[in-house]
Amino acid sequence: MAINLNKYKDALHGAWKDVLDDKSSTNWALFGYEGQSNDLKVVSKGSDGIQEMMEDLNSGKIMYAFVKVEDPKTSLPKCVLINWQGEGANTVRKGLCANHLRDVEKFFSGAHLTLNARNEDEVDPDIIIEKVSKAGSAYSFKTRIDYSEPTKPVGTNYERVNPIKEINPKERDQFWLKEEEEEKKRKEEELKKREVARVKLEEEVKQREIEDAALREAKVRERNNSIDQVKQAEKMAYETQKSLEKEKYVDDNEVKINRSDLLRQERKKEAQDLIGRRTIDARSIFEQNTSIGQIKRTPEKPVRSSILKMQNNVEQDEGFRRKWHL
């Protein structure tokens, strides 16, 4: 389909004329298509040269720029028409717009040089000035056309759309095949990245679990060691207390043994004295009773009971001594 320059004709003509006018500060104008149609319109314009114009270039679109630069050899202004076909633009669209360049060159006449560019490196100011300088110019500034005069209306170039002619099936199939391959490659790379991220995450979780387990085990060992130390200290304290109690018990037993021996000896001595004294008393009583012919047995009871009582005391002392291993 042919390009349509009539819809925004006045704006297009005004921007182009503004760049050519030596009295105007405008030195570039940028043109582009309206949406997906073939209607050309003014995108922007400015007075700070190519560097400013590059900021408005879109890598996904097809555009045209009319720029005025200074020839370093002659110091005269020269105009350049740039056919911008962004690297991200649709391939089919590029093929359709390739036929529009001739009509654009006719509409924006007065260009000393036409350049094709796909990226910003190809529209570098130094490169453009160098190409303008090498190209030279057969354009005569003395015979420049007075663009202030009204131009003739541009006729329409509308032609009926012929899909077979406009769209190349082979090129279309190649384009979509390429898009499918790129999409497939992108998905594979994304899956690989996800898998790498998953493996990395699992390794981090596993490493963290190992570290946590080691930390818990260290805490358990430390707690067990503390408990063992406390038990050991309690055992030592208990054994020490037991040893002290045993020593005290032995000392008390020795004291008791000494006291028991003394008491036993004293009681034995008292018993012997008492037996001896009772025996003498018994004899005197017997002799007295015999002399008068009256023998009485009643005094024997207290003597015998006292003797028996003393013997029982001695036996109890002996039993106490055997019980306590004295």
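An unreviewed UniProt entry annotates the protein as ADF-H domain-containing protein of Oryctes borbonicus.

> Sorry, what's going on with unusual backbone geometry here?
Negative phi values dominate among residues other than glycine, just as trans dominates among peptide bonds. For S75, which is not glycine, the phi torsion reads 60° and is therefore positive. Considering the arrangement of structural elements, one finds S75 in the loop between strand 3 (62-70) and strand 4 (77-85). Owing to a relative accessible area of 48%, S75 belongs among the partly exposed residues under this scheme.

> I would appreciate a short explanation of a negative patch on the surface in the present structure.
A surface patch of negative charge is lined by E179, E180, E181 and E182. With respect to the helices and strands, the residue E182 is situated in helix 7 (residues 169-292). With relative accessibility at 42%, the residue E182 sits in the partly exposed group.

> I would appreciate a short explanation of the sheet that holds strand 5 (residues 113-117) in the present structure.
Strands pair in a sheet through their backbones, by hydrogen bonds, and they do so in one of two ways: parallel or antiparallel. Taken together, five strands build an open sheet; the order of strands is 2-1-3-4-5 and the sheet is mixed. The open sheet terminates on both sides in strands that have one partner only, identified here as strand 2 (40-46) and strand 5. Direction aside, neighbouring strands of the sheet carry axes that sit 20° apart on average. Across six bridges, strand 1 (residues 28-33) lies against strand 2 in antiparallel orientation. Directly across from G32, in strand 2, lies its bridge partner K41. Helix 5 (residues 125-135) rests against strand 3, strand 4 and strand 5 of the sheet, and its axis sits at about 145° to strand 5.

The rules we used
- Residues numbered from 1 in each chain as written.
- Predicted model: local features only at pLDDT ≥ 70, side-chain atom pairs only at ≥ 80, totals over all residues.
- Heavy atoms only, no water.
- Helix = DSSP H or I, 4+ residues; strand = E, 2+ residues; numbered from the N terminus.
- Buried < 20%, exposed > 50% of the residue type's maximum accessible area, 1.4 Å probe, protein only.
- Patch = residues over 30% accessible without salt bridge, like charges linked within 9 Å, V, L, I, M, F, W, Y side chains within 5 Å.
- Areas by Shrake-Rupley, 256 points an atom, 1.4 Å probe, with all protein chains shown as cover.
- Salt bridge = Lys/Arg side-chain N within 4 Å of Asp/Glu carboxyl O.
- Lys, Arg positive; Asp, Glu negative; His and termini not counted.
- Charge placed at Lys NZ, Arg CZ, Asp CG, Glu CD.
- Pairing = 2+ DSSP bridges.
- Axes fitted to C-alpha atoms, helices over the stretch in contact; angles between N-to-C directions.
- Contact = heavy atoms within 4.5 Å.

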